[in-house]
Amino acid sequence: MVAARCRRLPQVLRSAPYTATEGRPVTRSRIPHFYKMSVAERVRAVHERGLLSDADFDRLSSGQTTLDLQAADKMIENVIGVLGIPVGLGLNFLINGKDYVVPMAVEEPSIVAAISATAKLARESGGFATSSTPPVLIGQIQVIDVPDLPAARTAVLERKQEILDLANSLHPRMVARGGGAVDLEVRSYPLRSLPGEMLVVHLLVDTRDAMGANLVNGMCEGVAPLIEQITEGTVFLRILSNLADRALARAEVVLPVAQLAGKGYAGERVRDGIIIAADFAHADPYRAATHNKGIMNGVDAVALATGNDWRAIEAGAHAYAARHGSYGSLTEWWKDEAGNLCGRIEMPMKVGIVGGPLESNPGVAMNLRLLGAETATELAEVMAAVGLAQNFAALRALATDGIQTGHMTLHARSVVKAAGTPPELFNDVLERVLQSGEIKVWKAEEILARLRQPQPATGIAARGETEAGVGIGHGKVILLGEHAVVHGRHAIALPVPLTIRAVVEDGERGVELLIPRWGVEYQLAKPADQRRSFERAAGAILDKLGLANRRLRIEVSPDVPRGMGLGGSAALAVAIVRALDLHFRLGLSDTEVNELAYLSEQIAHGQPSGIDNTMATFGIPLVYRRGAPPLVEPLNIPAPLTLVVGMTHNEGLTARTVANVAEARQRNPRLYEKIFDDIDALVLQAVSAIQDNDIATLGDLMNINQGLLNALQVSSPELERLIGVARNAGALGAKLTGGGGGGAMIALCGDNSSEVQAAIERQGFRTLVVTAGNRS
C-alpha cells in the first residue's frame, strides 16, 4: 500500500487504493468528460448518480436554488440586489475511502479544474487521508481592573466547573447533542495603554455541527457576571475568537513519483520542484502569503458554497500560519524513503452544517446535501483535502510549465470581458487575443476597435474561403424536410453566413485539437477503442487519412454555435478535413472531403442523412435526398429569401431526436411513413414556390411542416414560444430547423425582418438574419 510509506498520520486514517473488488462507489465522484458537457447535461449527470434528489434536480434545473431578492432583503440591511457567483463541482475526491463531489462557489478560472485533476491523481494511490479535532470554538472574556491578578486566576480555575455549568445551562440542547462548554483557560497580558494587566478567560465550547458564533457569544455574555464576581474586576469584551486552533483539520496525500511525470518532465523533477517551492514558502513570509492564498482559493470556495463564514476561516488560517512568531506555510511537502511525494496540511477549520443562515439560502442547502458530509468535522476534513489539492496543483504548475500555461484561455476570457466586449463579438475577440499571444486588456480593446470597423463582405468567398491554409466548413439551416430526409425523402437546405475555420500546424505531442471558443482541448492520438465522444469522429478521419500517428496541432475557430441545429458538427469535420488536406497537400476533391465528413457524422450521430456534411462542403442552396448515391441538386432562388434564425437557450441533441423518431417509426411504420410522405410533398411544393417567388405560400408550407414536426415530437416548449413570437411579429412562416429538442428555429420574412428579429431578441434570445439566394 502506497499510503503506508508515509508515516505522519495514524494508521487508522490511511486509505487503500481503490480496487474493483472492494466495491467502493467510484462512479459517484468520477464523472468522465464532465467539463465537456453543457450545464444541463452536467446537472443530469449528477442527478443520475444519485447526488441530487429529484426535488433538488427540479429546483436546480428551474433556477430555484438562486437566492431571491425577498430572501436577501431579510438577510442584511439596505439590500438593492443579489450578486451571482458560479458554482462548480470538484470531482474525483476519495477521502478516507469515501467518494465526494465537492461544490465550490468561485469566480476565478481554473481552480475547480485544477482541484479535480489533483483529486483524480491522488485517488490512484488511495486518495486523501484526513483527521480532525473536536469542533471547539474559543470565547474570550476580557477582565480589567483586577485587584489581585494571581488570586483571580486561581479563583477562576478553582470554580471552573461552576462557570461551565452556568454556560451550559444557557444552551441545554447543545449539551444534549454532545456539545457545550467543555473547558476554560486563563491568561494574562499587560495593558499597553493603561497601567496594570488584564485577565483573559477562554471558554472552550464544542458547538457540534453548528458554526456556533452566536452560541459562544451568548455563553460569554451569560457567564460574565459570575467572572466579575470571582475576579472582583470589570468584564469588558465578551466575544468569540476566530483563531479556532482547537478545531483543527488535517489532510495528507502520498503520490508515487511515476504519477507525477508528464508534459516532458520526469516525475523526480516534478517532485523535487514541488518540495523546493514549498521550502521557499516555509522560509519567506512574502512567498508564504501567496502560497497560502492558493490554499484558500479552494477552501474559501467550499466555504462559500456551503454557507460557512469564509472570512472567519481566512482570519484563523493566517493567524495560525503565524503562530510560531513568523508567518509561514500551512502545508508541508517532502520525499519519503520510497521516493514518493508526501503532502500534509493542518489548519483551523470551524465550520457548520446546520443553522438558520445555512438553511435560509436554498442553494447552500442543496450544496450541503450534494456534498453529503454528515457532520461538521467531516466537512472540515473535506475542506482540508481541497486546500491540499489546490496547493499541489499550484506548486506543480510553478514547478513545471509555470502558472500561466493551464490558465491562459480562461484568463483570456476575463481579459476580453474587461475590455468591454459585447456578447456578439466576444468569441471573435477571444480567438484573436489568444492568437496574438498578448493576453492584455489593451490588446483586446485594440482588436475590438478593429472588428467594429465596417468590414466588406460579399458572399461566402469573402468570409474566408480564400484564406491561405485555412480549412472552411459552412453552416446551414434546413428550410423544410428535416427528419423525413433521414428516411429517404427530400429536404431543402440553405447556407448561413457562419463558418467553422481550422488551421493545422506541426505539433510536439500527438494530435491536439483546440477550440478556444468552446473551451475544448482534446488529445486525439489514441487507440480507437479508447476514444470517446468527438475523439471517435475526428480520430476516424485521421485514421482514414493515415495521420493518427503524426504530431500535429489543429486549432479551430467556430462561428457556428454548438447544438443549434445549424450543422456545427459537420462544418467542424469539413473544416478539419480541408485543413489537413492543405497542410499535408493531400489533393482531396470536394467529393472526398464530403465522404470523410459523412464518416465523421455517422460516428457522431448514428444515422445521418448526409445533408449536413454536403452543405458544409459545398455551401450553396440545395435540394437533397438520401440514397446511394444521394440526390444533390443546386436550388435556383431567383429572388433572395430573408430568414431570421432564433436560437433557444438549450442545445439540441440531434442524435437523440433522430433515434427517437426512428424508434417510433419501428413501432408504427405506416403512420410515420405517411408523415414522412406528407413532409416530402411539402418540400416539393416549396421548391416550386421558391422558383415562383411565392413567399406567402412558402410561409404556409413552413407552418404546416412545423405541425408535422410536432407530430414527430421533436419540438420543445422554448421552440414553440419562439415560433409563436415570430408569427405574432409578422413572419410569413416559422418552424424549427435541424434536429429539434432545443437548438434553433427559422422565420421567413418579407420586408419586416427587423421587426421579427427585435421581437425575438426582446424575449432574451439570440438571433441571426440570413439572406439566401443565388450568388452574383
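See the structure shown above.
The notes below deal with the structure included here. Only a predicted model underlies this, so the values are computations on that prediction, with no experimental measurement involved. (Residues numbered from 1 in each chain as written. Predicted model: local features only at pLDDT ≥ 70, side-chain atom pairs only at ≥ 80, totals over all residues. Heavy atoms only, no water.)

To continue, consider the overall build of the protein. Looking only at helices and strands, one finds 27 helices and 21 strands in the protein. Partitioning the intrachain contacts of the protein with sequence separation of at least 6 by distance along the chain shows that 72% fall at a separation of at least 24. (Helix = DSSP H or I, 4+ residues; strand = E, 2+ residues; numbered from the N terminus. Contact = heavy atoms within 4.5 Å.)

With that out of the way, let us pick up the side chain of asparagine 391. The residue asparagine 391 is located in helix α15 (residues 376–399) in this model. Asparagine 391 has contacts with His291, Ile295, Thr331 and Trp333, leaving out every residue within four places of it along the chain.

Okay, the sheet that holds strand β9 (residues 331–335) next. Spatially, four strands are ordered β3-β8-β10-β9 in an open sheet, and the strand pairing comes out antiparallel. Every other strand in the sheet has two partners, leaving β3 (129–132) and β9 as the edge strands with one partner each. Averaged over all neighbouring strand pairs, the angle between strand axes comes to 15 degrees, with direction disregarded. Relative to strand β8 (residues 248–255), β3 runs antiparallel, the two being bridged by four bridges. Opposite serine 132, over in β8, you have alanine 249 as the bridge partner. Contacting β8 and β10 (341–348), helix α12 (residues 310–321) runs over the sheet at an angle of about 115 degrees to β10. (Pairing = 2+ DSSP bridges. Axes fitted to C-alpha atoms, helices over the stretch in contact; angles between N-to-C directions.)

Following the sequence through the fold, serine 116 ends up in helix α4 (residues 111–123). Serine 116 has contacts with Leu89, Gly90, Leu91 and Asn92, leaving out every residue within four places of it along the chain.

Our next topic: the pairing of strand β11 (residues 471–480). Counting buried residues along β11, 10 of its 10 residues qualify, which places the element largely inside the surrounding structure. Relative to strand β12 (residues 490–506), β11 runs antiparallel, the two sharing eight bridges. Looking across to β12, one finds that valine 477 is bridged to leucine 494. (Buried < 20%, exposed > 50% of the residue type's maximum accessible area, 1.4 Å probe, protein only.)

This part takes up the packing of aromatic side chains. All chains considered together, the criterion is met by three aromatic pairs. The aromatic ring of phenylalanine 34 is capped on one face by arginine 42, whose charged end is 6.0 Å from the ring centroid. For the cation-ring pair, arginine 323 lies above tyrosine 320, with the distance from its terminal atom to the ring centre recorded as 3.8 Å. (Phe/Tyr/Trp six-rings, centres within 6.5 Å; stacked < 30°, edge-to-face > 60°. Lys NZ or Arg CZ within 6 Å of the ring centre and 35° of its normal.)

A word on helix α24 (residues 669–691). Between its first and last C-alpha, α24 extends 33 Å over 23 residues, near the 33 Å set by a 1.5 Å rise per residue. Inspection of α24 places Tyr672, Ile675, Phe676, Ile679, Asp680, Leu682, Val683, Ala686, Val687, Ala689 and Ile690 among the buried residues, and these make up the whole buried set. Of the surrounding secondary structure, the elements contacted by the buried residues of α24 are β11, β12, β16 (622–625), β18 (641–647), α23 (654–667) and α25 (695–711). Asparagine 693 sits one or two positions beyond α24 and adopts a positive phi of about 55 degrees. (Expected span 1.5 Å × (residues − 1).)

Here we take up the packing of helix α26 (residues 717–728) against helix α27 (residues 753–762). With their axes 9 Å apart at the nearest point, α26 and α27 run at an angle of 140 degrees to one another. On the basis of their axis angle, the class for α26 and α27 is oblique. In the crossing of α26 with α27, the sense of the turn from one axis to the other is right-handed. Contact with α26, carried on its side by Leu722, Val725 and Ala726, involves Val756, Ala759 and Ile760 of α27 and no other residues of that element. (Parallel < 35°, antiparallel > 145°, perpendicular 65-115°, else oblique. Left-handed = near helix turned anticlockwise from the far one by under 90°.)

Moving on, we come to the pattern of salt bridges. On inspection of all chains with the given rule, the structure shows 29 salt bridges. We note a salt bridge from arginine 246 to glutamate 185, for which the minimum N-O separation is 2.6 Å. Of this pair, arginine 246 sits in the loop between β7 (234–241) and β8 while glutamate 185 sits in strand β5 (residues 180–190), and the two are 61 residues apart along the sequence. For arginine 246, a relative accessible area of 24% gives the class partly exposed. A salt bridge links arginine 344 to glutamate 332; the nearest nitrogen and oxygen atoms lie 3.9 Å apart. Of the two residues, arginine 344 sits in strand β10 while glutamate 332 sits in strand β9, which places them 12 residues apart along the sequence. Residue classification places arginine 344 among the buried residues on the basis of a relative accessible area of 16%. One connected set of salt bridges, linked through shared partners, spans Arg250, Glu252, Glu332, Arg344 and Glu346. (Salt bridge = Lys/Arg side-chain N within 4 Å of Asp/Glu carboxyl O.)

Strand pairing in a sheet is mediated by backbone hydrogen bonds. Such pairs are either parallel or antiparallel. On the basis of which strands lie adjacent, the open sheet formed by four strands has the order β5-β6-β4-β7 and antiparallel pairing. Pairing within the sheet leaves two strands with one partner each, and these edge strands are β5 and β7. Across the sheet, the mean angle separating the axes of adjacent strands is 20 degrees when strand polarity is ignored. Bridge count between strand β4 (residues 136–144) and β7: six bridges; the pairing is antiparallel. Residue isoleucine 144 lies in a different strand from β7, and its bridge partner there is threonine 234. Its contacts with the sheet place helix α6 (residues 160–169) against β5 and β6 (197–206), and it is angled at close to 120 degrees to β5.

Ranked by size, the top nonpolar core spans 90 residues in total, and within it Leu479, Ile492 and Leu580 carry the most contacts. Of all the elements, helix α20 (residues 568–584) adds the most residues to this core, at 11 residues. Ignoring anything within four residues of it in the chain, the contact list for leucine 479 reads Ile492, Ala493, Leu494, Leu641, Leu643, Ile690, Leu698, Met702, Lys735 and Ile746. (Core = buried A, V, L, I, M, F, W, Y, C linked by side-chain atoms within 4.5 Å.)

Quick look at the environment of leucine 682 now. Position of leucine 682 relative to the elements: it lies in helix α24. The class of leucine 682 is buried, set by a relative accessible area of 7%. Along the sequence, leucine 682 and glycine 481 sit 201 residues apart, while their C-alpha atoms lie 8.0 Å from each other.

Summarising burial for strand β20 (residues 744–749): six of the six residues are buried, a large majority. Residues Ala744, Ile746 and Leu748 line one face of β20 and the alternating positions Met745, Ala747 and Cys749 line the opposite face, and both faces are buried. Where β18 meets β20, six bridges bridge the pair, whose relative direction is antiparallel. Its bridge partner being in β20, valine 644 is matched across the sheet by alanine 747. With five bridges joining them, strand β19 (residues 733–737) and β20 adopt antiparallel strand pairing. Note on β20: the bridge partner recorded for leucine 736 is methionine 745. Hairpin connection between β19 and β20: a loop of six residues separates the two successive antiparallel strands, and glycine 738 in this loop has a positive phi of roughly 90 degrees.

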